[in-house]
Amino acid sequence: MAAMKPRTGDGPLEVTKEGRGYVMRVPLEGGGRLVVELNGEEAKDLGEKLLAHFGG
């Protein structure tokens, strides 16, 4: 039997393109990850809002 690694919230924020959309994995402070699937328009809107708030 193969060894299984535990899933933790450690690691960077990840965004991957999967099919027609994007999957964003956000590490959480208590462990684990928040996984959000976005379409292209939602990803663009989120990017604009983040740039407006944090600068860029």
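Residues numbered from 1 in each chain as written. Predicted model: local features only at pLDDT ≥ 70, side-chain atom pairs only at ≥ 80, totals over all residues. Heavy atoms only, no water.

Quick notes on the pairing of strand S1 (residues 14-18)
Thinking step 1. Pairing of S1 with strand S2 (residues 21-27), which is carried by five bridges, proceeds in the antiparallel orientation. When the sheet's bridge partners are listed, Glu18 is paired in S2 with Gly21.
Thinking step 2. The antiparallel hairpin formed by S1 and S2 contains two residues in its connecting segment, where Gly19 sits at a positive phi of about 65 degrees. (Pairing = 2+ DSSP bridges. Helix = DSSP H or I, 4+ residues; strand = E, 2+ residues; numbered from the N terminus.)

A word on helix H1 (residues 40-54)
Thinking step 1. Between its terminal C-alpha atoms H1 stretches 21 Å, which fits the 21 Å expected from 15 residues at 1.5 Å a residue.
Thinking step 2. Structurally, the start of H1 carries an N-cap: the backbone nitrogen of Glu41 is 3.1 Å from a side-chain oxygen of Asn39.
Thinking step 3. Gly55 sits one or two residues past H1 and shows a positive phi near 80 degrees. (Expected span 1.5 Å × (residues − 1). Polar contact = N/O pair within 3.5 Å; in protein donor to acceptor, adjacent residues only side chain to side chain.)

A short note on the pairing of S2
Thinking step 1. Two elements, S2 and strand S3 (residues 33-38), share six bridges in a ladder whose sense is antiparallel. By the bridge assignment, Met24 is partnered in S3 with Val36.
Thinking step 2. The antiparallel hairpin formed by S2 and S3 contains five residues in its connecting segment, where Gly31 sits at a positive phi of about 105 degrees.

Section: the sheet that holds S2
Thinking step 1. Reading across the sheet, the three strands line up as S1-S2-S3 and stay open at both edges, with antiparallel pairing between neighbours. Bordering the open sheet on either side are S1 and S3, each of which pairs with just one other strand. Pairwise comparison of adjacent strand axes, ignoring direction, gives a mean angle of 20 degrees for this sheet. (Axes fitted to C-alpha atoms, helices over the stretch in contact; angles between N-to-C directions.)

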